[in-house]
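Below, each chain spelled out in residue letters.
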Amino acid sequence: MQRFEILTKTQIEKVHQTTLQILEQIGMDIGYPPALEVLKKGGAKVDGQRVFFPSGLVETQIKKAPRRFMLHARNPQNNVIVGGGNTIFAPGYGAPFVTDLETGRRKATLQDFENFAKLTGASINLDVLSGTVVEPTDVPYETRHAQMMYAAIKYSDKCFMGSTMGAEAARDCIEMAALLFGGRDQIESAPAIVSVVGPLTPLKYDARMLGALMEYAAAGQAVLVASLAIAGATGPVTLAGNLALQNAEVLAGIVLIQLIREGTPVIFGGASSNAEMRNGTLSIGSPEMAINAAATAQMARYYKLPARSGGAVCDAKSPDAQASYESMMNLLMSLVCGANFVLHSAGILESFNCMSYEKFIMDDEMCGMLKRVHRAIDVNPDTLAFDVIKAVGPGGHFLDKDHTFDHFRTEFYQPRIADRDDFVTWQANGSPQSMVTANLKVKEILNNYEAPELPADVDQDLQAFIAKLG
């Protein structure tokens, strides 16, 4: 499938050169002494907390990260390749609120996290379970990361993400993954965790994110470095300037990772968008978000790194028409621009703040549709169908032909919730609306879900580990 490109080669080079100027002449504030020590030893100029990155250091270190890598699941059939021509979908991440048709908007709980883990596990379209699908506010902060990790392991056998709430939480997640996979040596040779770290835009990293970054890098686990620069607020109002700022912040994180452990897998991530200038809030349902996604994917390819983009993201407050058109715009752009890891692919509302059960199902449907788009058209003598066209001839039909029966199940996408009946049939079925249909599908999945079997000894070890944290 051909990729959509929004920048010319000349524009990419200009963004890159400006990025190097930012890192070398302005620098980054690094608020974590262990990171400062690594960077200074690696060749960066350190002045207090300000770190200046020589261009040669940047260009040398980013070449050490792999172009593609495998992320391992406890069910090997669910391993994923990150990079190349693959596009991986993961649901929403980090929302403190949830909403559904019956109860409305409320604070998220651990039960909600478990439910979304099950919905992800049941999906045939989502590839990776987000680390913090929702933020469970009914669990103590000290053990929250471990409870989420346990739920991710217990209720799904897909790849999962680790906590970035500081070095200690990252160490706990690494230890839990080691218990699951048979030891730290095992996960160091076959990465099992991907985590998301990001700067405090503009041009700062705090101790919490850096602590997590350093722990995961030391353990050889994949790190998704993502910047969210808000054009007009935390970044320049011009999209080119905002892209250069985002680029500098991401490359600084990747340089540190490679200095810690050469060859550590990374994902080049951009989640930048613009401020709604009438009120100063972040807008992620804007065309500028989609433009930045396309530009980010091109910059990642320029550096020969896997690319991350946002997914079915929107500013809408409910799964309405606005949510649908904003989400599909961003999700489709992620696919056609060649993003490899699409975070927030299902469920997100109101600028990352809320997860919707019904929207999760509708977005999952869209991911399935786009996976079909990604397969594109298979052109060979059989699919070109000359013989069957000749047999049917002018004025005939293809409904009863063996060629049709042989191919229609794989050639056409079969929706799970979209209504394709004629009007009379739809009306006879009670005129079902999308929100209601999605709500019923959520209940059906959760009521019938059977979690993949987790070995009893591993389950016991994980629960004992969490008990020690409490």
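Before reading further, recall that the structure is shown in the block above.
Before going into details, it helps to say that this report is about the structure given with it. Nothing here was measured: the structure is a model prediction, and the numbers come from that model.

Before going further, it helps to examine the packing of aromatic side chains. In the structure shown here, the tally under the stated rule is 6 aromatic pairs. Look at phenylalanine 268 and tyrosine 303: their rings are 5.8 Å apart centre to centre, the planes differ by 35 degrees, and that puts the pair in the tilted class. A residue pair is termed long-range when its members are at least 10 positions apart, and phenylalanine 268 in strand 15 (residues 266-270) and tyrosine 303 in the loop between helix 10 (287-302) and strand 18 (307-310) qualify at 35 residues. Judged by relative accessible area, tyrosine 303 falls into the buried class, the value being 7%. Each residue in the set Phe116, Tyr357 and Phe360 is aromatic and connected to the rest through ring pairs, giving one cluster. The ring centre of phenylalanine 52 lies 5.5 Å from the NZ or CZ of lysine 45, which sits over that ring.

The subject of this paragraph is the packing of helix 12 (residues 357-375) against helix 17 (residues 434-448). The description of two packed helices rests on the angle between their axes and on the distance between the axes. Between helix 12 and helix 17, the least distance of the axes is 8 Å, while the angle of their chain directions is 95 degrees. Taken together, helix 12 and helix 17 sit at an angle that is classed as roughly perpendicular. On the side of helix 12, the interface is formed by Tyr357, Glu358, Ile361 and Met362, while helix 17 contributes Ser434, Met435, Ala438, Asn439, Lys441, Val442 and Ile445. The residue makeup of the contact of helix 12 with helix 17, split by class, is 7 nonpolar, 2 polar and 2 charged.

Attention now moves to a negative patch on the surface. Residues Asp378, Asp382, Asp402, Asp406 and Glu411 make up a contiguous surface patch of negative charge. Here aspartate 406 lies in helix 15 (residues 402-411). What makes aspartate 406 exposed here is its relative accessible area of 59%.

Within the secondary structure layout, serine 286 lies in the loop between strand 17 (281-283) and helix 10. There is a polar contact of 2.6 Å between the side chain of serine 286 and the side chain of asparagine 274.

Moving on, we come to the pairing of strand 11 (residues 193-197). Burial analysis of strand 11 places 5 of its 5 residues in the buried class, the great majority of the element. Burial of strand 11 is two-sided: the residues Ile193, Ser195 and Val197 facing one way and the residues Val194 and Val196 facing the other way are all buried. Summarising the sheet, strand 10 (residues 159-161) and strand 11 pair through 2 bridges and their orientation is parallel. In the sheet register, phenylalanine 160 faces strand 11, and the bridge partner there is isoleucine 193. Of the pairings in the sheet, the one linking strand 11 to strand 13 (residues 222-227) comprises 4 bridges and is parallel in character. Bridging from a neighbouring strand, serine 195 pairs with valine 223 of strand 13.

Definitions and cut-offs
Sequence order sets the numbering: in each chain, residues are counted from 1 along the sequence as written. Given that this is a predicted model, residues contribute local features only at a pLDDT of at least 70 and side-chain atom pairs are listed and counted only at 80 or more, while totals for whole chains, interfaces and linings are drawn from all residues. Hydrogens and water molecules were not included; the side-chain quantities draw on all heavy atoms of the structure. Ring pairs shown here join Phe, Tyr and Trp side chains whose ring centres sit within 6.5 Å, with only the six-membered ring taken for Trp; geometry is labelled stacked below 30 degrees between planes, edge-to-face above 60, and tilted in between. Working definition: helices are DSSP H or I runs of at least four residues, strands are E runs of at least two. Numbering for both runs from the N terminus. Between buried and exposed lies partly exposed: a residue is buried under 20% and exposed over 50% of the maximum accessible area for its type, with that area taken using a 1.4 Å probe on protein chains only. For a Lys NZ or an Arg CZ to count as sitting over a ring, it must be within 6 Å of the ring centre and within 35 degrees of the ring normal. Lines fitted to C-alpha atoms define the axes here, with helix axes fitted over just the stretch in contact, and angles between the N-to-C directions of these axes take values from 0 to 180 degrees. Our angle categories are set so that under 35 degrees counts as roughly parallel, over 145 as roughly antiparallel, 65 to 115 as roughly perpendicular, and the remainder as oblique. Any pair of residues with heavy atoms lying within 4.5 Å of one another is described as a contacting pair. Residue classes follow a fixed rule: Ala, Val, Leu, Ile, Met, Phe, Trp, Tyr, Cys and Pro count as nonpolar, while Asp, Glu, Lys and Arg count as charged, and any other residue, Gly among them, counts as polar. Each patch is built from residues lacking any salt bridge and having more than 30% relative accessible area; the joining distance is 9 Å for like charges and 5 Å for nonpolar side chains (Val, Leu, Ile, Met, Phe, Trp, Tyr). Calculation of accessible area relied on Shrake-Rupley with a 1.4 Å probe; when residues are assessed, cover is drawn exclusively from the protein chains displayed. Salt bridges are counted wherever a side-chain nitrogen of Lys or Arg sits within 4 Å of a carboxyl oxygen of Asp or Glu. In this tally, Asp and Glu contribute negative charge and Lys and Arg positive charge; neither His nor the terminal groups of the chain are included. Here the site of a charge means NZ on Lys, CZ on Arg, CG on Asp, or CD on Glu. Whenever a nitrogen or oxygen atom comes within 3.5 Å of another N or O atom, the pair is scored as a polar contact, on the condition that within protein one atom can donate a hydrogen and the other can accept it, and that pairs from neighbouring residues in sequence are kept only if both atoms are in side chains. In this analysis, strands are considered paired if DSSP registers two or more bridges between them.

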